[in-house]
Amino acid sequence: MGPAVTGGLPHFYQRESGDVLDAVLSNSRDSILLLTVEGSIEYASGGAAALLGCPNLDKALGTPWLDYWPAEARDTVKQAFDAAGEGRRTEFTAAARSGGEDGCWWEVAISPVRNSSDAITHLLAVATDVTGRRRVVRDERRRREEAERKASHAGDVAREMRHRLKNQLAVI
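Not measured: the values here are computed from a predicted model. (Residues numbered from 1 in each chain as written. Predicted model: local features only at pLDDT ≥ 70, side-chain atom pairs only at ≥ 80, totals over all residues. Heavy atoms only, no water.)

*Asks:* Hey, could you run me through a positive patch on the surface in this one?
*Replies:* A surface patch of like charges, here positive, comprises R134, R141, R142 and R144. Tracing the chain through its elements places R141 in helix α5 (residues 131-171). (Patch = residues over 30% accessible without salt bridge, like charges linked within 9 Å, V, L, I, M, F, W, Y side chains within 5 Å. Areas by Shrake-Rupley, 256 points an atom, 1.4 Å probe, with all protein chains shown as cover. Salt bridge = Lys/Arg side-chain N within 4 Å of Asp/Glu carboxyl O. Lys, Arg positive; Asp, Glu negative; His and termini not counted. Charge placed at Lys NZ, Arg CZ, Asp CG, Glu CD. Helix = DSSP H or I, 4+ residues; strand = E, 2+ residues; numbered from the N terminus.)

*Asks:* Could you clarify how one ought to interpret the pattern of salt bridges in this entry?
*Replies:* Oppositely charged side chains can form a pair if their charged atoms are brought close together. Under the counting rule described, the total for this entry stands at four salt bridges. Residues D82 and K78 are paired through a salt bridge, measuring 2.9 Å at the closest nitrogen-oxygen approach. With a gap of four residues between them, D82 and K78 both fall in helix α4 (residues 71-85), about one helical turn apart. Residue classification places D82 among the partly exposed positions, given a relative accessible area of 31%. R114 is the partner of D118 in a salt bridge, and the nearest nitrogen-oxygen pair spans 3.7 Å. Look at R114 and you get partly exposed, because its relative accessible area is 38%. (Buried < 20%, exposed > 50% of the residue type's maximum accessible area, 1.4 Å probe, protein only.)

*Asks:* I would appreciate a short explanation of α4 in the present structure.
*Replies:* Owing to its 3.6 residues per turn, the α-helix aligns residues three or four sequence positions apart on the same side. Here α4 is 15 residues long and its end C-alpha atoms lie 21 Å apart, about the 21 Å a rise of 1.5 Å per residue gives. Within α4 the residues assigned to the buried category are A73, V77, A80, F81, A83 and A84. If you follow the buried residues of α4, they end up packed against β1 (31-36), β3 (90-96), β4 (104-114) and β5 (120-129). G87, located one to two residues past α4, shows a positive phi value of around 105 degrees. (Expected span 1.5 Å × (residues − 1). Contact = heavy atoms within 4.5 Å.)

*Asks:* In this structure, what is going on with the environment of C54? I would like to understand it.
*Replies:* Relative to the helices and strands, C54 resides in the loop between α3 (48-52) and α4. Once the C-alpha coordinates of C54 and Y68 are considered, the two residues, 14 residues apart in sequence, prove to be 9.6 Å apart. Once residues lying within four places of it in the same chain are set aside, the contact partners of C54 are A49, K59 and A60.

*Asks:* Before we go on, may I ask you to explain the nonpolar core in this structure?
*Replies:* Across soluble globular proteins, nonpolar side chains show a tendency to be buried alongside one another. Counting 28 residues, the largest nonpolar core has L33, L52, W65 and W69 as its most contacted members. Listing elements by their share of this core, those giving two or more residues are β1, β2 (41-44), α3, α4, β3, β4 and β5. Here this core gets five residues from one element, more than from any other, and that element is α4. Setting aside its immediate chain neighbours within four residues, L33 contacts I41, Y43, A44, A48, L51, L52, W65, L123, L124 and A125. (Core = buried A, V, L, I, M, F, W, Y, C linked by side-chain atoms within 4.5 Å.)

Next comes the structure, spelled out in structure tokens:
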């Protein structure tokens, strides 16, 4: 194992930096996209196929990233894209068109990529599929609501039983 990486690749990796970078990106489950400042997809990692709903990522290259988001998410995506284009790292969570009827939910971080002159040359979008986590939260909320409904019903039944018992005792 080599030294820790703190700023760039250690010098012994620089000869192989393309291979190392390719291995890192291809082994990530996340969707990693390099976008032009105009918003077209220039690079897509293997994990991007799920977000884009496009098994052949070569077909996605050169296409507008915004087009892969449903209409209801586009304002959020566009605001994040614009902020990154102005130099700010931003994050958002939104559903993508991929993923069937429930959709896939993604946490996305979008950041500017700068050259040695500090000019923004690209934007980096890293998206993590959080669909499973959202389903767990949704299911837990539904279970809690059902339990609260049942507890409320049990309280109603107990009150009714007390009322009837009091009526019976009043007759005696």
